[in-house]
Amino acid sequence: MFQQGDSDTALAGGDRIQQHLLEEAVEALEEGFVLYDRDKRLVFANSCYADMLGPHRDLLVPGTPMQEIIGSAIGSGHIDIVRGPDGGLPGIFQALASAGKLKIEISVADGSQREITLALLKDGGIVATVRDITEQRTAEARARDLLHGAIEAVDFGIALVDDDDRLVLANTKFREIGDPNNDLLVPGRTMRDIHADAIATGQFPLPPWTPSTEILDELDRMIRQAAKGFSVPNNQGREIVGNVYETALQGRLLTIEDVTDQLRAERLFTDAVARLPVGVAIEAADGQFTHCNDAFAAPFGLTADEILKLTDQERIDLLAPKIAEIAGRDAGDRAAAMFAEAVKQQRETLAPMEVRFRDGRHYVVERAITQDNGRVVVVTDITALKEAETRSLQTLNDAIQSLDEGLVLFDRDLNFVLGNRLWHEMYFSELPAPQPGENLVPMMDRLIDAGVLRLPEGVEKHAYMDDLGRKVRIYHKKETLHLEGGRILLASAHKTELDGYLVSFTDITEQRRAEEEQREADLLLRKIVEACPANFLVSRIEDGKIIYCPPASRERFGEIDSTLSFFLTPEDRVRYLEALLPTGTLDDYRVQFRRADGSIMQGITAARVTDYKGENVIVSSTRDISDLLAMQEELQKQRDIAHQSEKLSALGELLAGVAHELNNPLSIVTGYAQMLKGKFDDPVLAKRVDRIAEAADRSAKIVKTFLAMARQRPASIEPCSLNEIASVALDVAGYGLRSNGATVTTEFDDDLPQISGDADQLVQVFTNLIVNAEHALAPLGEKAQLTLLSSYDVDRDQAVLEIRDNGPGIPEEIRARIFEPFFTTKDVGEGTGVGLAFSHRIIDTHGGVLEVTSTPGQGTSFFVRLKALKPEAGDHIEAEAPAAAPVQRRVLVVDDEPGVGELISDLLTDLGCQTVQATSAREALALLSHTPVDLIVSDFKMPGMDGEGFYRTLQERLPSYAQRIGFVTGDSMGSAVQRFLADSRRPYVEKPISKEDLACLLNQLGGGETSQ
């Protein structure tokens, strides 16, 4: 609110409204506003002004002295006056009283910059507005930095002087030239003071008897009048040229440049030109000569100074009577006009011009344009050259006839002049020789029509002739021509001194053939070298420069120019050369090299010294043994683990062998147990038979699992149940848990969808996880708990199996590494560190996820997540169709173990078949020769003739039975058995045998025609 500090007079109602509106208007301003009365006490300040004062805004109370408000802000450092009158606030008040209006700039503690405009009111009060100029000043500072950088970058001195003739700035070059002691060019000093100090210290030496004031006045005048190209005095004997330019703000831009070397070069050039035996002159754009040497003036019979006084026409008139021929044309009595026209044309085209004088002298006149649009004229006396040319013409003609290349000479109109012997043999051995004056075009026409010169494929004759004629006129080089008969010529056109054309022809037929053969050999060699995986280099002995580096070496060392780049120290290369050079041969030399990525490579190198283009070079090949050394170290660490793995592998083979041997007796137990089920009325006996059957089935599952785990075969992906897989794994690996007293429970989702996978591999995964849990739970004894849970994750459409234990858990610091190969926390002999890595890889190849969660002290859970298998469209469970009336089939049972053969026969009899037994394949073949059967069920591994031999013999002798045989095997883990079963596509069942397996085998073999 506006008020006087000492006024308590009430305002009229209208004035109050007007004052209120005025206050609102001022408050709405984006600029700061403050009003002080004539006693410099606060009347009003808007919020923008208060924001600027920050922590001092509490002082903005009407009546507070301006000195207290501003002094407090300045004293605390919140405000700093950047630009304004000297003397602080008193100085500001004094300047304001004098001018009535004043602008100052301040910086605020928040980093902003403000411009304050102060105005003195009529009653003595002060009003101030505050504008934020931070962005403006930042832009100006950036522009100043850019300008300063540009000024510093130029290679001549630059200084800026303001309108008061005071120095604003001077770049480094200006200081180097004008102030070598760096004590004169101080910003803010007047140029007159700077010049006076330069004179006083002797940096500006005065001419003898010249008052310093006159020099200072002259320098001031040159700066004011923006003089150009004046000489700057100095005490270093240098030639320095200065220039002054006016600026838009009435200031001056001064430049100085040291031209000492330039002037010295010009003087040397002038002196050298004067001494040249060749005539040299400089003519201005208007044709007037400005310089010439004595050699140029000699043909005129004048001195150089006399020539410079003549006009262009006077020189022509003076020289014309002496001229006999210009550019090969007789001058006659038109020498002046012809010479004037020739000079005019040369000034336009700059083409050389030959002039012959009547006294037999020959000159060549040449012109070139200078920077100021003038010309340099060079006159060369070629009389001796012409005489030598005439004397040697006959010798030259004799010489060209004996050359190994064809030569033909045409005049400026491409008319035939002469050709040497070889040229005639190339083109006119069977055609009339050309006559002098015959033009090139009809000559080519004759050669093409006669079949001597062959047209390029797809090119029309006249177009080809035009192209060849054009290439001769432009002096084209190395044009390939093909003659009939396969000869290849290389033609080049050359300009003669009389503007004629000399065309040379070189027969390159054999050269091209050799080049093509060499090119193919080089290409083959390069392909071999580029494809060679060996790392080798060819380098120079002297400085290590690399002559050849194939891709394999570039990949190792990068784009390097010298072998010094990959030796760790220069001493390493010295020792390497000391070992190599005495014999020139080096093998198995240990080195350390630096790769392109900076890593150190351990290597073994072999090298040979050989000659390449006249200098000794090194051909070296280096084998990287870093991985080998690291592997040896790792193998040393894993020796005990590998030994343990071998024992485990041997144990696995032993278990597989035991399981295989159990197959036959176990088949009898399981088979007869199944047959006995339901045959006893006595409930006690029936229950005992059921237990025998259950135990036998469980034993059969374990044996099959052992065989599957030991079996080496490709993954067989088919629909399977996680619940069943987990149950089998628990049967195999759960004994150790139960024997230690652990509680093992299963919580399986009966509606869990099937997954697609290899059941054998997945059994191994769950077996590994259960065994790991057993090791973790061993210390807990009867408190140990293991739970297998299955569930369906609807959101991810995954079948999930969790193996959860209440063991000690996995520490967080090693949890991320448990799936790494060979990582184990067990002691040597207790684990190999491959189980979890192996399991992770199997689940990953199935497109699933193996995850782990663990809480130290509470337990660990492993989760196997596999994509649920969606039923195919149209798949649904149909009501079981009533069984068809059984067809009695005669089945031949072949097994070398009578007990197993008898079991199979009994099971087949239960299935409604009539059986015939044989104990060997040969017995079976003899029986089949007179006893027909419907189907054959044969053991695979039998002494004498095995199942494969039996099958091949049936194909040869009794082919109708080859498609009605199925096999029973306990050795399907063998690669030979697997290969045979896959190739022959014959159905088979594995031991131990169940009644359901045999029924399935019969269905696969089909009913066939009965033998009855």
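One structure accompanies this document, and this report is about it. Note that the coordinates shown come from a computational prediction; the quantities given were computed from them, not determined experimentally.

Here is what the cut-offs are and how they apply
Residues numbered from 1 in each chain as written. Predicted model: local features only at pLDDT ≥ 70, side-chain atom pairs only at ≥ 80, totals over all residues. Heavy atoms only, no water. Helix = DSSP H or I, 4+ residues; strand = E, 2+ residues; numbered from the N terminus. Buried < 20%, exposed > 50% of the residue type's maximum accessible area, 1.4 Å probe, protein only. Contact = heavy atoms within 4.5 Å. Areas by Shrake-Rupley, 256 points an atom, 1.4 Å probe, with all protein chains shown as cover. Phe/Tyr/Trp six-rings, centres within 6.5 Å; stacked < 30°, edge-to-face > 60°. Salt bridge = Lys/Arg side-chain N within 4 Å of Asp/Glu carboxyl O. Pairing = 2+ DSSP bridges. Axes fitted to C-alpha atoms, helices over the stretch in contact; angles between N-to-C directions. Parallel < 35°, antiparallel > 145°, perpendicular 65-115°, else oblique. Left-handed = near helix turned anticlockwise from the far one by under 90°. Core = buried A, V, L, I, M, F, W, Y, C linked by side-chain atoms within 4.5 Å. Expected span 1.5 Å × (residues − 1). Arc of directions from axis to C-beta. Polar contact = N/O pair within 3.5 Å; in protein donor to acceptor, adjacent residues only side chain to side chain.

What about the overall build of the protein chain?
Then, in step 1: Along the protein chain, the regular secondary structure elements total 34 helices and 40 strands.
Then, in step 2: Across the 1012 residues that make up the protein chain, the buried fraction comes to 38%.
Then, in step 3: Taking as baseline every contact in the protein chain between residues at least 6 positions apart, the subset at least 24 positions apart corresponds to 48%.
Then, in step 4: Here the protein chain displays about 57100 Å² of accessible surface, and carbon together with sulfur accounts for 53% of that area.

Here we look at the packing of aromatic side chains
Aromatic rings in a pair are described by how distant their centres are and how their planes are angled relative to each other.
Then, in step 1: Applying the stated rule across the entire model yields 20 aromatic pairs.
Then, in step 2: With a centroid separation of 5.8 Å and an interplanar angle of 80 degrees, the aromatic rings of Phe967 and Phe980 are classed as edge-to-face. Of this pair, Phe967 sits in strand S39 (residues 965-969) while Phe980 sits in helix H33 (residues 975-984), and the two are 13 residues apart along the sequence. Accessibility classification places Phe967 together with Phe980 in one group, the buried group.

Regarding the pattern of salt bridges
Then, in step 1: In this structure the tally under the stated criterion is 42 salt bridges.
Then, in step 2: Note that Glu479 and Lys471 form a salt bridge whose closest N and O atoms lie 2.9 Å from each other. Both residues of the pair, Glu479 and Lys471, belong to the buried class.

Looking at the sheet that holds strand S15 (residues 329-330)
Then, in step 1: With antiparallel pairing, the seven strands of this open sheet are ordered in space as S13-S12-S18-S17-S16-S14-S15. This sheet does not close on itself; its edge strands, each paired only once, are strand S13 (289-292) and S15.
Then, in step 2: Pairing analysis gives three bridges linking strand S12 (residues 279-283) to S13, with the strands arranged antiparallel. Residue pairing in the sheet places Ile282 in a bridge with His291 of S13.
Then, in step 3: Sheet strands in contact with helix H13 (residues 335-349) are S12, strand S14 (323-326), S15, strand S16 (353-357), strand S17 (362-369) and strand S18 (375-381), and its direction is about 40 degrees off that of S14.

Focus on the packing of helix H12 (residues 312-319) against H13
Then, in step 1: H13 packs onto H12 with a crossing angle of 130 degrees between their chain directions and a minimal axis gap of 9 Å. Here H12 is positioned oblique relative to H13, judged by the angle of their axes. Viewed along their axes, H12 and H13 form a crossing whose handedness is right-handed. For the pair H12 and H13, contact is made by Asp312, Arg315, Ile316, Asp317 and Leu319 and by Ala336, Phe339, Ala340 and Arg347, respectively.

Some words on the environment of Gly966
Then, in step 1: Assignment of secondary structure puts Gly966 in strand S39.
Then, in step 2: A C-alpha to C-alpha distance of 9.9 Å links Gly966 and Arg985, two positions 19 residues apart in sequence.
Then, in step 3: Not counting residues up to four positions away in its chain, the partners in contact with Gly966 are Ile936, Val937, Ser938, Pro987, Leu1001 and Leu1005.

Digging into the nonpolar core
Then, in step 1: Membership of the largest hydrophobic core comes to 36 residues, with the highest contact counts inside it found for Leu722, Leu762, Phe766, Leu769, Ile770, Leu786 and Phe862.
Then, in step 2: Among the elements of the structure, helix H24 (722-733), helix H26 (759-777), strand S32 (785-793), strand S33 (798-805), helix H28 (835-845), strand S34 (849-855) and strand S35 (859-867) are those that each provide at least two residues to this core.
Then, in step 3: Among the elements that take part in this core, H26 stands out by supplying eight residues, more than any other.
Then, in step 4: Ranked by size, the runner-up nonpolar core spans 28 residues in total, among them Tyr427, Leu440, Met444 and Leu447.

With respect to the sheet that holds strand S27 (residues 600-612)
Then, in step 1: If you walk across this open sheet you meet the five strands as S25-S24-S28-S27-S26, and the pairing is antiparallel. Of all the strands in the sheet, just strand S25 (546-548) and strand S26 (585-594) have a single pairing partner and so form its edges. Here the strands of the sheet are splayed against their neighbours by 40 degrees on average, with no regard to which way each runs.
Then, in step 2: Pairing geometry for strand S24 (residues 536-540) and S25, over two bridges, is antiparallel. Note on S25: the bridge partner recorded for Ser539 is Ile546.

Here's the deal with helix H17 (residues 461-473)
Then, in step 1: The first and last C-alpha atoms of H17 sit 19 Å apart over 13 residues, in line with the 18 Å expected at 1.5 Å per residue.
Then, in step 2: Where H17 is concerned, the buried positions are Lys461, Tyr464, Met465, Leu468, Gly469, Lys471 and Val472. Buried residues along H17 cover an arc of 160 degrees about the axis, so they all sit on one side.
Then, in step 3: Summarising the contacts, the buried residues of H17 are in contact with helix H16 (440-449), strand S21 (479-482), strand S22 (488-495) and strand S23 (501-507).
Then, in step 4: You can read the cap of H17 off the contacts: a side-chain oxygen lies 3.1 Å from the backbone nitrogen of His462, and it is on Glu460.
Then, in step 5: Two residues or fewer past H17, Tyr475 is found with a positive phi of approximately 60 degrees.

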